[in-house]
Amino acid sequence: MSNVAYLKRLFQAYYKEKGKEIPIVSLFDKREFGFIPWDKQFVMKRHISFSNFDSLAKYIINEGPRHIYSSGTIYLQPDNTDMNNKEYQGCDLIFDIDVDHFYTPCKNDHDIWYCIECGNTGTGMVKKCPKCKKLKLKQLTWICDKCLKIAKKELMKLIYNFLIPDFGIPLNQMKLAFSGHRGYHLKIENAEVRTLSGEERREIAAYVSGNNISLEILGLRKLNNVIYGLLRENIGWSQKIINKIDKILHNYTDDKIRRLLITFGLKADAIRSFLNSKDDFLQSISQNDNNIWNIEGFGLKTWSTFLEGIISMIGTEIDEPVSIDIHRLIRYPGSLHGKTGFKVQELYPDDLDNFNPLNEWNEKLDPIVFESKKKITQKIEIIEAKIPATKIKGETFGPYTQGEKIEVPHHIAVFLLCKGVAKTI
Amino acid sequence: MSDIYDIIKKYPWLPSLKDYYSEIALKDPSEFISEAFSEQFGNELKERILELFYAAFDNLEEISEYKTDSLNIYTYFLLKILLYALDNQMITNRVANLYSKITYNKLIKEKNHSTIYDICQNLGLRIKYYNPPVNYGKIIIKDQHQNLVTNFMVHFIDYLKLTSNLRDEYRKLVHNSLSEGFVFIRNKRLIRLIQEYVRSKLLIKETDDKASLNVFLEKVSKIKEFKEIFDKILTVWTERKEEFEYVFKIDFEDKEDIITLYPPCVKEILRKTQEGQNLIHNERLFIVWFLLALDYPVEKVVDLFSTLPDFDREKTFYQVNFAKKKHYTPYKCLTLKSLNLCMAVSYKDELCLTGYGAEEPSERKKLAHPLAYTQIKQYRMTKWKNYMIKGSEKEDE
């Protein structure tokens with residue numbers, strides 16, 4: 001049986017057995033649904049709506065789609081194929097945190113790229129081939145505990161550093177989900193938030209990410225060769241920045257600060273100078289009546305580089321276009337992710353702290369739905385040149401190379417088949 | 001707290017007008033006009049209306065001794081009716097601009113902050129009012145310390161909606177103090193946002209339903225006083241419209257209409273100037289720097305601004321000339337995006353969205369600067385022309 005036929009049947013069986021456990025999103029009948037099937041790759045069937053959950057359940061059991069999406073948008077006519085005639089009624093505010101979009105150090109271990117032009121290959125996050133500088137790259141992105149932990153941390157930052165304290169959004173209006181692959185989704189369901197336009201959403205996205213902050217407006221300026229910095233007293237981003245600097249200077253060792261400043265792009269002289277003056281600097285930011293920042297060799301440009309580095313630590317790594325788009329479809333909670341076979345797991349904020357998608361102890365929250373209790377194994381053949389090691393449920397499988405025939409637990413086989421790096425034998 | 005009737009008299013654009021002055025507000029427009037002019041104050045109403053329009057045409061920013069008695073409500077209604085009847089975006093923009101500035105000046109003079117609070121409540125804004133004011137920060141420059149204090153905090157959703165037409169950097173949420181869903185907003189800034197609300201209330205779009213407009217005009221033209229005012233405004237406008245309706249057109253050496261070579265961010269600003277819409281500071285800077293970078297004559301750049309509601313030729317000439325001497329570089333695409341001035345998506349511009357160079361999408365270069373857009377377009381056009389010339393030469397052979 002082909003991979004596609006096998007996986008489709010597997011997904012159908014899952015939906016038949018567990019369909020009733022899939023949550024029903026609010027205003028269900030006013031959402032647009034989209035499906036990506038197995039057979040016609042990457043062509044999304046959209047502009048579909050269901051008047052009740054049973055019809056959706058029937059549909060997904062029949063079709064066993066590879067991916068299931070529903071709109072954050074509320075329409076009076078969600079199935080109208082003309083966007084202008086759907087009768088837009090508002091849209092939930094969606095945040096997508098996906099490690100595909102930002103750097104994590106572990107990508108150097110598990111993300112593989114191949115240059116189609118020159119045949120060069122390597123690991124990590126690259127936009128173009130370092131050798132021939134061409135953009136035609138084939139990328140194999142992988143998952144691991146570390147990057148999913150970073151994604152979770154970003155989600156928690158978003159909730160506890162921005163949405164609750166700054167925007168006053170109560171936890172019960174936030175719907176969270178593990179995306180089933182490399183990240184998390186957060187949806188704010190609130191009637192007023194739904195009225196925001198794309199441009200207004202852009203403002204919120206910019207706020208939580210810290211993108212395009214004007215340091216000058218926050219107070220950084222040079223007058224008569226004196227640098228005036230930010231004040232902790234100024235509620236908002238100034239305060240966040242000063243608090244973060246304070247925390248770093250109190251808790252980091254010199255070596256850790258040095259390494260951090262290197263990642264910010266500061267030169268060796270500046271780093272040395274910063275470390276020499278850090279106690280005085282700490283004292284000056286602790287005062288409310290003094291904002292003269294005086295570190296030898298630090299001009300406006302160096303201060304900006306330093307502060308931009310701090311901002312990037314505070315801001316949340318969200319995929320901004322998702323938050324701005326008022327017609328976006330996102331993965332339906334409880335559905336299966338066709339690239340992993342994992343469940344899009346709905347979560348409550350209280351679950352987040354202990355949630356570990358690749359090795360979750362709480363069965364109700366476990367996205368690895370194809371783990372066989374009877375320890376069934378399956379034989380598959382690796383068809384990708386090289387695939388990194390995969391650690392799921394505490395056990396590591398691989399790395400593997402093309403042609404290897406392996407016998408692995410069912411959920412690992414499903415994962416590798418969904419990833420398109422193996423075939424059934 | 002102030003008497004709501006008095007507040008509405010002073011600020012008739014408030015939503016509660018319909019509740020408190022329903023006998024005026026819910027009347028059929030032609031009935032309202034007939035009755036208003038049959039009253040003793042008919043003549044004064046006429047004078048006030050004309051004064052407003054003339055002041056708008058003269059680019060005034062204030063009318064001295066603007067009265068806020070009960071006649072103010074009639075003035076506001078008649079103003080709205082006239083703007084609909086005139087159906088001219090340039091007139092509407094100018095009048096809305098002036099009226100909102102008059103409102104700002106009135107609001108700023110309000111000694112009692114609770115009136116501002118009442119107005120915000122009436123507008124349905126979620127607002128927190130502090131008396132005494134609260135401190136939310138400080139500005140220290142050299143030896144000068146200034147505490148940031150305010151009487152007001154406005155809910156972030158209302159804040160975003162009120163600021164959606166303002167695009168200056170200071171109003172961005174990220175540059176403001178936000179706590180538990182509310183933005184600390186200085187009194188003056190809040191009043192500026194109310195001004196923007198008033199402006200938008202008067203910005204009646206030119207109607208697509210010309211048939212209904214004509215029926216309406218026919219009906220109200222029978223009222224002598226209305227016709228008189230309407231005709232007077234139109235006469236003055238016709239006499240003076242050339243001052244405002246300067247058509248922006250620049251020719252290349254080969255008489256090419258250069259506008260086709262402009263990126264959508266520039267086209268959008270030019271569209272606004274042609275409609276007499278107000279431009280924000282960054283739009284003004286960008287268009288001046290962009291045109292000057294293309295070696296545009298200073299006088300022609302100044303002419304471009306002549307349609308703007310607050311145009312002052314002398315001041316504009318000085319500023320454009322200054323920019324010319326300084327050789328400022330126009331904003332790059334990244335900056336335009338951060339200032340919300342990038343129009344690539346709205347205009348679905350292929351060059352902006354997909355870049356240039358190789359045919360293969362993944363290898364195309366991204367456009368980084370609006371000037372590069374014009375250069376590329378010009379290059380393509382020249383290439384196309386050469387190709388066409390060669391083609392016709394071949395045909396001749």
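First, a word on what this report is: a plain description of the structure on this page. (Residues numbered from 1 in each chain as written. Chains lettered and ligands numbered in written order. Predicted model: local features only at pLDDT ≥ 70, side-chain atom pairs only at ≥ 80, totals over all residues.)

Residue Gly398(A) is joined to Pro399(A) through a cis peptide bond whose omega torsion reads 5 degrees. Checked against the element boundaries, Pro399(A) lands in the loop between strand S19 (395-397) and strand S20 (400-401). Residue Pro132(B) is reached from Asn131(B) by a cis peptide bond, and omega for that bond is 10 degrees. Examined against the element boundaries, Pro132(B) turns out to sit in strand S1 (residues 127-141). Backbone geometry at His47(A) places phi at a positive 60 degrees, although glycine is not the residue there. Here His47(A) is to be found in strand S2 (residues 45-48). One non-glycine residue, Asn212(A), adopts positive backbone phi at about 60 degrees. C-beta crowding within 10 Å serves as the criterion here: with 15 such atoms nearby, Asn212(A) is assigned to the partly exposed category. (Helix = DSSP H or I, 4+ residues; strand = E, 2+ residues; numbered from the N terminus. Buried ≥ 20, exposed ≤ 12 C-beta atoms within 10 Å, placed from the backbone.)

Picture the strands of a sheet paired through backbone hydrogen bonds; they go either parallel or antiparallel. Residue and element names in this part refer to chain A. If you walk across this open sheet you meet the three strands as S8-S7-S9, and the pairing is antiparallel. The open sheet has two edge strands with one neighbour each: strand S8 (121-123) and strand S9 (137-140). Taken pair by pair, the neighbouring strands of this sheet meet at an average axis angle of 20 degrees, ignoring direction. Examined bridge by bridge, strand S7 (residues 112-115) and S8 share three bridges and lie antiparallel to one another. By the bridge assignment, Ile-112 is partnered in S8 with Thr-123. (Pairing = 2+ DSSP bridges. Axes fitted to C-alpha atoms, helices over the stretch in contact; angles between N-to-C directions.)

In this structure, Leu158(A), Leu52(B), Leu78(B), Val95(B), Val154(B), Phe156(B) and Val183(B) are the most contacted members of the largest nonpolar core, which totals 153 residues. Per-element accounting of this core gives the leading share, nine residues, to helix H6 (residues 71-86) of chain B. Apart from the residues lying within four places of it in its own chain, the contact partners of Val183(B) are Met153(B), Val154(B), Phe156(B), Tyr159(B), Asn176(B), Ser177(B) and Leu178(B). The next biggest cluster of nonpolar side chains, apart from the first, holds 26 residues, and it includes Val288(B), Phe290(B), Phe305(B) and Leu367(B). (Core = buried A, V, L, I, M, F, W, Y, C linked by C-beta atoms within 7 Å. Contact = placed C-beta atoms within 7 Å.)

That is the geometry; function is a separate question.
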